[in-house]
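Here are the chains, one letter per residue:
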Amino acid sequence: MSDAKDFAFTLTGLRIPYFPGCTLKTTAQNFESSAVAAARALGIELVELPRWNCCGTVFSLAADDLIHHVASIRNLIRVQEMNRQGLVDGENRMVTLCSMCYNTMKRANLRVRQNAEDIKKINDLMYREEDYQGNVRVIHFLELLREIGMGKVKRAVKKDLAGLKVAPYYGCMILRPKEASIDDPEAPTVLGEVLRALGTDVVVTPYNKVCCGSYQTVHDKDAVAGLAYDILGHARKSGAEAIATTCPLCAFNLDNRQKEVAEKHPDFEHMPVFYITQLMALAFGVDQGVLRFDQNYVDPVPLLKKHSLLDK
Amino acid sequence: MEEIKNPVMDIIAEANRSATSGIDAKDIKDWITISIMGRAYKVPADLTILAAMEYAGYKFVRGVGCRQGFCGACATVFRKKGEYKLQTGMACGTRAEDGMHLAQIPFTPAEKASYDLTKEPYSASVLIKYYPEVARCVSCNTCTKACPQDLEVMDYVQAALRGDFELLATDSFDCIQCGLCALRCPSEIVQYHVAQLGRRLYGYYGLGVPEHLKKRVEEIEKGRYAKALDTVIAFSNDELRKQYVGRDIEPEQ
Ligand code: FES
């Protein structure tokens, strides 16, 4: 860590328990590497949970299916331990980057906090762990940015992304259901606020919260390619050159499925799909090695070169 | 040198003799009652579960091996008197207690994938391709509770899911493949097969060929051991046995 970064870190002193999730360790490493670097530039140290486990992947809606919430709650126990051991800033919260992990753990947490019997049963099952007290807050990285303020995000910009026309894409997992939403579920603005702070031209399209097709991508590529075509097509028509998101599954469906889209529609023009943190890291002027565009399906390099945004 | 009259098979037979063989029942002071598959038996106290079952008349052909807690063949499940918890362990290393309910698990049925390591990428997707159940883990930790080796089984399954091969390999290294984790898993994961594939991938791609191995292979290829090997091949059976028994071995710990 350079001296400058150390200095920024002592200024805010934010050390926050951070849950990566499996996708950020496999197919979305570019999301994690860019986010950790971007957060550091803002004086936030994302401290990875020790011995974390999968979030549970999907929030189970069945009333009697408690076992599928165990995974989430076990992670929240890790956060309790980190706070007690003084490894983090003591705010009893956990931040996620992946929208899906956020949604699953946020809702599991809400459920057990509202239901004393659930929490007791889960604690009984996990008798080798300390009891979960129900006090941890699950937050998404975008909420954290809002908390520290977009002014601060703006001040961290070294090279603004002026001229780059980006459409924010929210997907469902950070907006629905309402009680898990990080923003107005019908008219979200938070991604746009971040993009504006970075200096991009924000392109708002009515398709910015239309479902990407989610896990249908596993067995019905065509259905998902159809949705991607609509979402990307509307963004293009509205003047966007790229998409920004925070969900690895949305990113996969909008980015990788462009292969199927292009096969079906020969006139389709590919569009880069960024994690918002890649654009942050770019604007904050951190080492561009963290951008890891090798994991993006549609290569964003030509677009960024066009706007003279790359070091080399 | 003393005469050699203990060929390997005799040694094994000797080790396999029950601790109580040759001892008269009237000379045994302390007795316990255990229940084996629902039937009560009176057996001498302070035996392992394995020895106690043998005393009761069970003869193991499968489901037993080293009798030292190494081979993983003798998986056992039991409940102690008055306890609700179903416990697991190795029969050769767990003491039989009065009032125990016992059953042996001689084998865990499980499909083992066949693969060519050299044709697979070094990524979590390989583990999920051959053992897709891994993705069903609900993090209940039942596997960890079942493990007689005290491994953090759930942690290594989670490491598998996210492609952390180093953690998977090191956390599962002491696995004896008894199968108890897989039997207890509500998600029907076969943890020990996943771990074995993970260790193989880690060895092949993650660690690479170690320097000392390269050096030794070179020495062999240059014929450094050829003469010694020829000498051994030329030994008669008796001479070979004599050399074997008289060899330098690590002292027992
Ligand atoms: S017989 Fe080998 S572990 Fe028990």
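Residues numbered from 1 in each chain as written. Chains lettered and ligands numbered in written order. Predicted model: local features only at pLDDT ≥ 70, side-chain atom pairs only at ≥ 80, totals over all residues. Heavy atoms only, no water.

Participant: Quick one: what's the story with the packing of helix 3 (residues 29–41) of chain A against helix 14 (residues 276–284) of chain A, residue by residue and with numbers?
Facilitator: Residues and elements named next belong to chain A. The geometry of helix 3 relative to helix 14 is characterised by a closest axis approach of 8 Å and an angle of 45 degrees between their N-to-C directions. Accordingly, the angle class assigned to the pair helix 3 and helix 14 is oblique. Where helix 3 crosses over helix 14, the two elements pack in a sense that is left-handed. Here helix 3 contributes N30, F31, S34, A35, A38 and A41 to the contact with helix 14, which in turn contributes T277, Q278, M280, A281 and F284. When its residues are assigned to classes, the contact of helix 3 with helix 14 shows seven nonpolar, four polar and no charged. (Axes fitted to C-alpha atoms, helices over the stretch in contact; angles between N-to-C directions. Helix = DSSP H or I, 4+ residues; strand = E, 2+ residues; numbered from the N terminus. Parallel < 35°, antiparallel > 145°, perpendicular 65-115°, else oblique. Left-handed = near helix turned anticlockwise from the far one by under 90°. Contact = heavy atoms within 4.5 Å. Nonpolar A, V, L, I, M, F, W, Y, C, P; charged D, E, K, R; others polar.)

Participant: Could you give an account of the pattern of salt bridges, with specific residues and numbers?
Facilitator: Residues and elements named next belong to chain A. Applying the stated criterion to the full structure yields 33 salt bridges over all chains. Between R78 and E129 there is a salt bridge whose closest N-O contact spans 2.4 Å. Separated by 51 residues along the polypeptide, R78 in helix 4 (residues 70–84) and E129 in the loop between helix 6 (116–125) and strand 4 (137–140) bring together distant segments of the chain. The two residues R78 and E129 agree in class, both being buried. The shortest N-O distance in the salt bridge between R176 and E186 comes to 3.8 Å. Placement of R176 in the loop between strand 5 (165–168) and helix 9 (190–197) and of E186 in the loop between strand 5 and helix 9 is noted, with a sequence separation of 10 residues between them. Assessed through its relative accessible area of 32%, R176 is described here as partly exposed. The exposure class assigned to E186 is exposed, which follows from its relative accessible area of 53%. A single network of salt bridges, built from pairs that share partners, joins R74, R78, E81 and E129. (Salt bridge = Lys/Arg side-chain N within 4 Å of Asp/Glu carboxyl O. Buried < 20%, exposed > 50% of the residue type's maximum accessible area, 1.4 Å probe, protein only.)

Participant: With reference to specific residues and values, describe the interface of chain A and chain B.
Facilitator: In this complex, chain A contributes 15 residues to the contact, which on the side of chain B involves 15 residues. Both sides together, the interface formed by chain A and chain B hides about 1400 Å², and carbon and sulfur atoms give 54% of it. Considering only the side of chain A, the residues that lose the most area to chain B are A:R74, A:Y127 and A:R128, jointly responsible for 33% of the buried surface there. The tally of links from chain A across to chain B stands at one salt bridge. The interface formed by chain A and chain B includes seven residue pairs in polar contact (both at pLDDT 80 or more). Among the secondary structure elements, those contributing two or more residues to the side of chain A that touches chain B are helix 2 (22–25) and helix 4 of chain A. (Buried area = accessible area lost by both parts, 1.4 Å probe. Polar contact = N/O pair within 3.5 Å; in protein donor to acceptor, adjacent residues only side chain to side chain.)

Participant: With reference to specific residues and values, describe the environment of B:T94.
Facilitator: Residue and element names in this part refer to chain B. Checked against the element boundaries, T94 lands in the loop between strand 4 (87–90) and strand 5 (101–104). Separated by 47 residues in sequence, T94 and L47 place their C-alpha atoms 8.5 Å apart. When sequence neighbours within four positions are dropped, the list of residues in contact with T94 reads L47, T48, I49, F78 and G89. A distance of 2.7 Å separates the side chain of T94 from the backbone oxygen of M90, its partner in a polar contact.

Participant: I'd love a proper account of the packing of aromatic side chains, names of residues and values included.
Facilitator: Within the structure shown, the criterion is met by 10 aromatic pairs over all chains. Ring geometry for A:F19 and A:W52: centres 5.2 Å apart, planes at 70 degrees, overall edge-to-face. Here A:W52 lies in the loop between strand 2 (44–48) and helix 4 and A:F19 lies in strand 1 (residues 14–19), a separation of 33 residues in the sequence. The residues A:F19 and A:W52 share a single accessibility class, namely buried. Taken together, the aromatic side chains of B:Y122, B:F165, B:Y204 and B:Y205 make up a single cluster linked through ring pairs. When the ring centre of B:W31 is taken as reference, the NZ or CZ atom of B:K42 above it lies at 5.2 Å. In this arrangement the basic side chain of B:R162 is found over the ring face of A:W52, its NZ or CZ atom lying 3.8 Å from the centre. (Phe/Tyr/Trp six-rings, centres within 6.5 Å; stacked < 30°, edge-to-face > 60°. Lys NZ or Arg CZ within 6 Å of the ring centre and 35° of its normal.)

Participant: Which residues make up the domain arrangement of chain A, and what values go with them?
Facilitator: How big an interface is tends to be reported as the loss of accessible area on association of its parts. Residue and element names in this part refer to chain A. Along its sequence, chain A is carved into domain 1 (14–142) and domain 2 (150–306). Between domain 1 and domain 2, the C-alpha centre-to-centre distance is 25 Å. The interface is formed by 29 residues belonging to domain 1 together with 33 residues belonging to domain 2. In this assembly, domain 1 packs against domain 2 so that about 2500 Å² is buried in total across both faces, 71% of it on carbon and sulfur atoms. When residues of domain 1 are sorted by the area they lose upon contact with domain 2, N30, L42 and L142 head the list and together hold 27% of the total. The tally of links between domain 1 and domain 2 comes to zero salt bridges. In this assembly, domain 1 and domain 2 are joined by 12 residue pairs in polar contact (both at pLDDT 80 or more). Listing elements by their share of the side of domain 1 that touches domain 2, those giving two or more residues are helix 2, helix 3, helix 5 (99–113) and helix 7 (141–148). (Domains from an automatic or database assignment.)

Participant: Describe in detail the side chain of A:Q80, supporting the description with residues and values.
Facilitator: With respect to the helices and strands, A:Q80 occurs in helix 4. Separated by 3.0 Å, the side chain of A:Q80 and the backbone oxygen of A:D131 make a polar contact.

Participant: Go over the domain arrangement of chain B, please, and point to the residues and values.
Facilitator: Residues and elements named next belong to chain B. Annotation of chain B at the domain level lists domain 1 (7–104), domain 2 (117–206) and domain 3 (211–245). Computed from C-alpha coordinates alone, the two centres of domain 1 and domain 2 are separated by 30 Å. In this complex, domain 1 contributes 11 residues to the contact, which on the side of domain 2 involves nine residues. When the two sides are added together, the surface that domain 1 and domain 2 hide from each other amounts to roughly 660 Å², 65% of it contributed by carbon and sulfur. Along the contact surface separating domain 1 from domain 2 lie zero salt bridges. Where domain 1 meets domain 2, there are one residue pair in polar contact (both at pLDDT 80 or more). Those elements that provide at least two residues to the side of domain 1 that touches domain 2 are strand 3 (75–79) and strand 4. Split by residue class, the side of domain 1 that touches domain 2 holds six nonpolar, five polar and no charged.

Participant: Please give an account of the sheet that holds strand 4 of chain B that cites residues and values.
Facilitator: Residue and element names in this part refer to chain B. Pairing in this open sheet of five strands is mixed, and the strands run 2-1-5-3-4 from one edge to the other. In this open sheet, the two strands that pair with only one neighbour each are strand 2 (39–44) and strand 4. Direction aside, neighbouring strands of the sheet carry axes that sit 35 degrees apart on average. Relative to strand 4, strand 3 is paired through four bridges, and the arrangement is antiparallel. For F78, the partnering residue across the bridge sits in strand 4 and is Q87. (Pairing = 2+ DSSP bridges.)

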